[in-house]
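Single-letter residue listing:
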Amino acid sequence: MSPPVIAIDGPAASGKSSTAAAVAAALGYAHLDSGALYRGVTILALELGAPPEPEAILRSAEARGLTLHYDGRAFEVYLAGEPLGERLRTAEVTSAVSAVSALPAVREWINARLRGLVRPDRPVVLDGRDIGTAVFPDAPLKVFLTASPEVRARRRLQQRNEDASSARVEAEARILKARDEADSKRPTAPLRKAQDAHLLDTSDLTFEEQVGRIVAWAAHPGLPKIGG
Ligand code: CDP
């Protein structure tokens, strides 16, 4: 039986997490943002200092209780019993996360956790970079979400309530491109579209339209119907 998973992958700031959360709410599924767990591991790696030693990072993750907690709607990343919340999204974490995510031992540790959370009675919308290619290659529905670097940069600045002048958009687009390149060129589970994923370019779509497309695709025999 295929896992009750909708896999949404795509480059940085393509709107995966907000789209995945809205799709999950519409379908009554749980939402799990795998990037948040990579960011949680990165916080511990930064605390340990460079260069990141995978064994030390993962020992710290176990000892300090880096976990995912289900709140009835979504999985949130906790450290020592407290949600990491906005600490996951600092510029420092964002600039270090690709290097930490390239470590095969870190990916194995995270994948074991992600796979352990999916149960037949709890379907999940899971977003990331390698969900459809490596974590759940037999997911019944896979979506590769993308948009032009400029559109993604503008959306990210607006999401952070920052000035979206053309110079700022250009600078942010360069940062996003560098992270996409690092994520696409790493040897282990690089960012790429699974062959059987629906390609969804959201450059000219409204948020409601992109969510609606995925919800329509979710009418699939391999996916349970729960209703939001
Ligand atoms: O939200 P944003 O698009 O900025 O990124 P994210 O989903 O929070 O992911 C942060 C980073 O985690 C990515 O740039 C990847 O390096 C890594 N990641 C990954 O390698 N595999 C995943 N399944 C999810 C995230």
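Residues numbered from 1 in each chain as written. Predicted model: local features only at pLDDT ≥ 70, side-chain atom pairs only at ≥ 80, totals over all residues. Heavy atoms only, no water.

## Points about the site of the ligand
In the neighbourhood of the ligand, 20 residues make up the surrounding shell, with R39, R107, R156, R179 and D183 lying closest. Between the ligand and R39 there is a distance of 2.7 Å, counted from an oxygen atom to a side-chain nitrogen or oxygen. Contacts to the ligand include R156, whose side-chain N or O atom sits 2.7 Å from an oxygen atom. For the ligand, the accessible surface in isolation is 530 Å², of which the surrounding protein chains cover 99%. Elements with a contribution of two residues or more to the shell around the ligand: helix 2 (34–48), helix 4 (91–101) and helix 8 (166–185). It is helix 2 that provides the largest number of residues to the shell around the ligand, a total of four residues. In this structure, the shell around the ligand is formed jointly by two domains, domain 1 (1–29 + 126–219) and domain 2 (31–122), each of which donates at least three residues. (Near = heavy atom within 4 Å. Polar contact = N/O pair within 3.5 Å; in protein donor to acceptor, adjacent residues only side chain to side chain. Areas by Shrake-Rupley, 256 points an atom, 1.4 Å probe, with all protein chains shown as cover. Helix = DSSP H or I, 4+ residues; strand = E, 2+ residues; numbered from the N terminus. Domains from an automatic or database assignment.)

## Regarding the domain arrangement of the protein chain
According to the domain assignment, the protein chain contains domain 1 (1–29 + 126–219) and domain 2 (31–122). Just the C-alpha atoms count here: the centres of domain 1 and domain 2 sit 19 Å apart. Summed over both sides, the interface between domain 1 and domain 2 buries roughly 1600 Å², with carbon and sulfur atoms accounting for 56% of that surface. Joining domain 1 to domain 2, the criterion identifies one salt bridge. In this structure, R107 engages D130 in a salt bridge whose closest nitrogen and oxygen atoms are separated by 2.9 Å. Summed over the shared surface of domain 1 and domain 2, the number is eight residue pairs in polar contact (both at pLDDT 80 or more). Taken together, the elements giving at least two residues each to the side of domain 1 that touches domain 2 come down to helix 1 (16–27), strand 6 (124–128), helix 6 (131–135) and helix 8. For the side of domain 1 that touches domain 2, the element with the highest residue contribution is helix 1, accounting for four residues. (Buried area = accessible area lost by both parts, 1.4 Å probe. Salt bridge = Lys/Arg side-chain N within 4 Å of Asp/Glu carboxyl O.)

## Thoughts on the packing of helix 3 (residues 54–63) against helix 5 (residues 104–117)
Contact geometry of helix 3 with helix 5 gives a least axis separation of 9 Å together with a crossing angle of 30°. Considering their axes alone, helix 3 and helix 5 lie roughly parallel with respect to each other. Contacts from P54, L58, A61 and E62 of helix 3 reach helix 5 at A105, V106, W109 and R113. A breakdown of the residues in the contact of helix 3 with helix 5 according to their chemical character gives six nonpolar, no polar and two charged. (Axes fitted to C-alpha atoms, helices over the stretch in contact; angles between N-to-C directions. Parallel < 35°, antiparallel > 145°, perpendicular 65-115°, else oblique. Contact = heavy atoms within 4.5 Å. Nonpolar A, V, L, I, M, F, W, Y, C, P; charged D, E, K, R; others polar.)

## Re the pairing of strand 4 (residues 75–79)
By the alternation rule, side chains of strand 4 split into F75, V77 and L79, which are all buried, and E76 and Y78, of which none is buried. Where strand 3 (residues 66–70) lies against strand 4, five bridges are found, and the strand directions are antiparallel. The partner of T67 across the bridge, within strand 4, is Y78. Hairpin connection, strand 3 to strand 4: the antiparallel pair is bridged by four residues, and G72 has positive phi, about 95°. Bridging between strand 4 and strand 5 (residues 82–83) involves two bridges; their strand directions are antiparallel. Of the residues in strand 5, the one forming a bridge with L79 is E82. Hairpin remark: strand 4 followed by strand 5, antiparallel, with two residues in the connecting loop; positive phi at A80, about 50°. (Buried < 20%, exposed > 50% of the residue type's maximum accessible area, 1.4 Å probe, protein only. Pairing = 2+ DSSP bridges.)

## Some points on the sheet that holds strand 4
With respect to topology, three strands assemble into an open sheet ordered 3-4-5, the strand pairing being antiparallel. Of all the strands in the sheet, the pair left with one neighbour each is strand 3 and strand 5. Relative to the sheet, helix 2 contacts strand 3 and strand 4, its axis offset from that of strand 3 by approximately 150°.

## Here's the deal with helix 9 (residues 207–217)
The complete set of buried residues in helix 9 reads Q210, V211 and I214. Across the axial projection of helix 9, the buried residues extend over an arc of 95°, all falling on one side. In helix 9, those exposed residues whose orientation departs by more than 90 degrees from the buried face are E208 and A216. Lining the buried residues of helix 9 we find strand 1 (5–9), helix 1, strand 7 (141–146) and strand 8 (198–201). (Arc of directions from axis to C-beta.)

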